[in-house]
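A look at the structure
Here is what each chain is made of, one letter per residue.
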Amino acid sequence: MAENIIIRVQSPEGMKKIASTKRETAAAFLKKVAKEFGFSSNGFSIYLNRNKTGEILSQNKTLSLLKIKHGDMLFLFPSSAGPSSENMDTAQPHTSSSYPSFPSSSSSSSSLSRSHSAPQIPEDEIDQYLSKQEGKIYRNRDPQLCRHGLMGKCVHCVPLEPFDEDYLNHLDPPVKHMSFHAYIRKLTGGADKGKFVALENISCKIKSGCEGHPPWPEGICTKCQPSAITLNRQKYRHVDNIMFENHTIADRFLDFWRKTGNQRMGYLYGRYTEHKDIPLGLRAEVAAIYEPPQIGTQNSLELIEDPKAEAVEEIAAKLGLRKVGWIFTDLLSEDTRIGTVRYTRNKDSYFLSAEECITAGHFQNQHANACRLSPDGHFGSKFVTVVATGGPDNQVHFEGYQVSNQCMALVRDECLLPCRDAPELGYAKESSTEQYVPDVFYKDTDKFGNDITHLARPLPVEYLIIDITTTFPKDPVFTFSSTLRFPIENRDALGETQDFHSLATYLSQCSSSSSFLGIVSDFHLLLFLVTNEVMPLQDSIGLLLDAVKTSNEELAQTWKKSEQWATIEQLCSTVGGQPSGSMDYAMGGPTLPQSSSAVWSCLHCTFMNQPGTEHCEMCSLPRS
């Protein structure tokens, strides 16, 4: 009787007990499992561990040799991907197999029934990666509190969960918001292992299809009426850090304000990576800033429709980049002699105005975050907001923010308005005959420490804001390695234009030792080559974009020999008035046009001068 043992086998369909013996071979045991669960002999795999390690193969070794004892639990995973395997993965949140790999049978919710109704939207690669990480916070043995051996664990040294608030509060500096993936682990870490977890998007609109009464404003019922909203400070954030690859990106963006005094806005292009300073954290790395058409003054910004928006997105995607956020300046000069700016955004005024929160919510709704736990297939957003403003030391600081998911819902359903005279206050709309707006509340504490509920008319916007640390690396990184500066798009107000005159000037500045890849590795130059009206290269620049993306000089040299680049060189030599042979900067140093009958560019200020002059009309410096 001592030879008989019971082995527990956990599968997506549940757990079953298999009677066996110590001397039974693994092959015979696997046949029993296949018969019990209704699988073919090769339709599943069994592992000793939940993270799919220690696979039990069909062999003649006995269970005792495989160290399988009475009462042990094994883990069965079907070989073919389906809803069952997804349910098995999501039921165990703290292992490397916690989430299904995408896009194999992507984006199911935790429960089996929900997987059929949820849209099949693949998550981002970084989300797939983080969902497979363990995320535990390992601690060393405490020599004073731990009374066990080196191999033991106690409450003072046992690994912590990634959502442990005490640990996050004791970091330096303290972390107020856990990462979004840590929040998911918290939801899926209970007794039910997240089987019934669903991240519901808030809706402020009346549900359609209610036939028991006339439509609004003639009638409404509890079935179609949206619930009232009580604003809470969000405990998690979708992005935990914003990092610019180098200072040059920010400096070039700030040049517009330095030269004109007008505010400026741009879109941040980069990628999402792991942020290792926070458990299961996510970082937005910025590699370039694209400045769309806009009208800026000292205290306002107005965006204009951008005809090149689709082309920019396409180029960025081919370069391995995506739009990760937006940036704008709010700078007022205090002392031009020492370069200080006013410190206007602080706890006594505001960090983001209500109008800026609404704009951020609009952008975040446009760039929703794909999420498998949401019935809608998306939840929240990883789109960030960066403000270039004055800091406590009267120097330019970059502050990062997002707005909460509740703010996104209020903006999406047009329920939130800014206040005209108080930028730090928003205002929840009142219901009208055209639109029903649910009541919006927020909680505050009075002077006696009691929680008081207020109607959000008006609404302090700090209930909607999530702050994000914005940093620059100690060791700069350059996705675009060009050391020269090609003019930035849509800066006609500064006299900086993107045309073949500026391209000829840019190429003429290249030294003989410059590599071709180093010359063309400039985001704004690549945009010009694709979007210029004289000779757009949208259909033939793919090889060059691949070369810049992979930093491959051979690919760049191959593209340089193409007819398209030869035509570009010819256009530049014609516009600049220099022979095409002198444009071969990679073989010899370029020479400026010396012909007195051609328009020439000033070496010092790049102003295009009329022929027959020997001194620049703009800066009065000599031609040579």
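You'll find the protein chain entered in an unreviewed UniProt entry as Nuclear protein localization protein 4 homolog, with Culter alburnus given as the organism. Annotation of the protein chain in UniProt includes, under Pathway (unreviewed entry), the sentence "Protein degradation; proteasomal ubiquitin-dependent pathway."

1. A few points about the packing of aromatic side chains
Across all of its chains, the model carries 21 aromatic pairs by this definition. Taking the centre distance of 6.1 Å and the plane angle of 20 degrees together, the rings of Phe180 and Phe379 count as stacked. Taken as a pair, Phe180 in helix H6 (residues 180-187) and Phe379 in strand S17 (residues 378-381) lie far apart in primary sequence, 199 residues in all. Taken individually, Phe180 and Phe379 each receive the classification buried, so the pair is uniform in this respect. Aromatic ring contacts, followed pair by pair, group Tyr267, Trp326, Phe328, Phe363 and Phe383 into a single cluster. Above the plane of the ring of Phe37 lies Lys16, whose end atom (NZ or CZ) is 4.9 Å from the centre.

2. Some words on the pattern of salt bridges
If charged atoms from side chains of opposite charge come close, those side chains can pair. For the structure on display, the rule yields 23 salt bridges. Two residues, Glu161 and Lys136, come together in a salt bridge whose shortest N-O distance is 3.2 Å. Pair noted here: Glu161 is in the loop between helix H4 (125-131) and helix H5 (165-169) and Lys136 is in the loop between H4 and H5, with a separation of 25 residues, a long-range link. Accessibility expressed as a relative area gives 26% for Lys136, which makes it partly exposed. Ionic pairing is found between Arg258 and Asp255, a salt bridge with its closest N-O pair at 3.0 Å. One end of the pair, Arg258, and the other, Asp255, are both in helix H7 (residues 247-260), three residues apart, so they sit about a helical turn from each other. Look at Asp255 and you get buried, because its relative accessible area is 16%. Overlapping salt bridges, with partners in common, bring together Asp124, Asp127, Arg322 and Lys382 in one network.

3. A few points about the sheet that holds strand S10 (residues 281-290)
If you walk around this closed barrel you meet the seven strands as S8-S10-S9-S13-S18-S19-S25, and the pairing is mixed. Neighbour-to-neighbour, the strand axes of this sheet turn through a mean angle of 35 degrees, independent of strand direction. Across four bridges, strand S8 (residues 241-244) lies against S10 in parallel orientation. Bridge pairing in S10 links Ile242 to Ala284.

4. Some words on the packing of helix H9 (residues 354-366) against helix H10 (residues 405-412)
Running from N to C, H9 and H10 cross one another at 90 degrees; their axes reach a closest spacing of 8 Å. Between H9 and H10, the angle falls in the class roughly perpendicular. Contacts from Cys357, Ile358, Gly361, His362, Gln364 and Asn365 in H9 reach Cys407, Met408, Val411 and Arg412 in H10. Classifying every residue of the contact of H9 with H10 gives five nonpolar, four polar and one charged.

5. Things to note about the pairing of strand S2 (residues 14-21)
As defined by bridge partners, strand S1 (residues 4-11) adjoins S2 across eight bridges and the pair is classed as antiparallel. The residue of S2 that forms the bridge with Ser11 is Gly14. Counted between consecutive antiparallel strands, the loop separating S1 from S2 contains two residues.

6. Here we look at the pairing of strand S19 (residues 396-403)
By the bridge criterion, six bridges tie strand S18 (residues 384-390) to S19 in an arrangement that is antiparallel. Paired with Val387 across the two strands is Glu399, which belongs to S19. Taken together, the four bridges between S19 and strand S25 (residues 465-471) define a ladder with antiparallel strand orientation. Looking at S25, one finds that Tyr401 is bridged to Asp467.

7. Regarding helix H15 (residues 553-560)
Listed as buried for H15 are Ala556, Trp559 and Lys560. Summarising the axial view, the buried residues of H15 lie within an arc of 105 degrees, below the 170-degree limit, and thus occupy one face. Where H15 starts, the residue carrying a side-chain oxygen 3.0 Å from the main-chain nitrogen of Glu554 turns out to be Asn552.

8. Re unusual backbone geometry
Along the chain, Asp172 connects to Pro173 via a cis peptide bond; the corresponding omega equals 0 degrees. Examined against the element boundaries, Pro173 turns out to sit in the loop between H5 and strand S5 (178-179). Backbone geometry at Leu280 places phi at a positive 55 degrees, although glycine is not the residue there. By the element assignment, Leu280 lies in the loop between strand S9 (265-275) and S10. Positive phi, normally seen in glycine, also occurs at Glu414, with a value near 55 degrees. Looking at the secondary structure, you find Glu414 in the loop between H10 and strand S20 (416-418).

9. Quick word on the sheet that holds strand S24 (residues 459-460)
Strand order in the open sheet made by the three strands is S20-S21-S24, with antiparallel pairing throughout. Each edge of the open sheet is held by one strand with a lone partner, namely S20 and S24. Judged from the three bridges that link them, S20 and strand S21 (residues 425-428) form a sheet pairing that is antiparallel. Pairing of Pro418 across the sheet is with Gly426, part of S21. Contacting S20 and S21, H9 runs over the sheet at an angle of about 140 degrees to S20.

10. Overview of the nonpolar core
Grouped together as the largest cluster of nonpolar side chains are 73 residues, with contacts concentrated most on Leu231, Leu319, Phe480, Leu503, Leu529, Ile541 and Ile568. Tallying contributions element by element places helix H13 (residues 523-531) first for this core, with seven residues. Ignoring any residue separated from it by four or fewer positions in sequence, one finds Leu503 in contact with Phe486, Leu525, Phe528, Leu529, Ile568 and Cys572. Trp257, Ala284, Val384 and Ala388 belong to the second-largest nonpolar core, a separate cluster that totals 25 residues.

Cut-offs and rules
Residues numbered from 1 in each chain as written. Predicted model: local features only at pLDDT ≥ 70, side-chain atom pairs only at ≥ 80, totals over all residues. Heavy atoms only, no water. UniProt positions renumbered as here; feature names shortened; annotations may be inferred. Phe/Tyr/Trp six-rings, centres within 6.5 Å; stacked < 30°, edge-to-face > 60°. Helix = DSSP H or I, 4+ residues; strand = E, 2+ residues; numbered from the N terminus. Buried < 20%, exposed > 50% of the residue type's maximum accessible area, 1.4 Å probe, protein only. Lys NZ or Arg CZ within 6 Å of the ring centre and 35° of its normal. Salt bridge = Lys/Arg side-chain N within 4 Å of Asp/Glu carboxyl O. Pairing = 2+ DSSP bridges. Axes fitted to C-alpha atoms, helices over the stretch in contact; angles between N-to-C directions. Parallel < 35°, antiparallel > 145°, perpendicular 65-115°, else oblique. Contact = heavy atoms within 4.5 Å. Nonpolar A, V, L, I, M, F, W, Y, C, P; charged D, E, K, R; others polar. Arc of directions from axis to C-beta. Polar contact = N/O pair within 3.5 Å; in protein donor to acceptor, adjacent residues only side chain to side chain. Core = buried A, V, L, I, M, F, W, Y, C linked by side-chain atoms within 4.5 Å.

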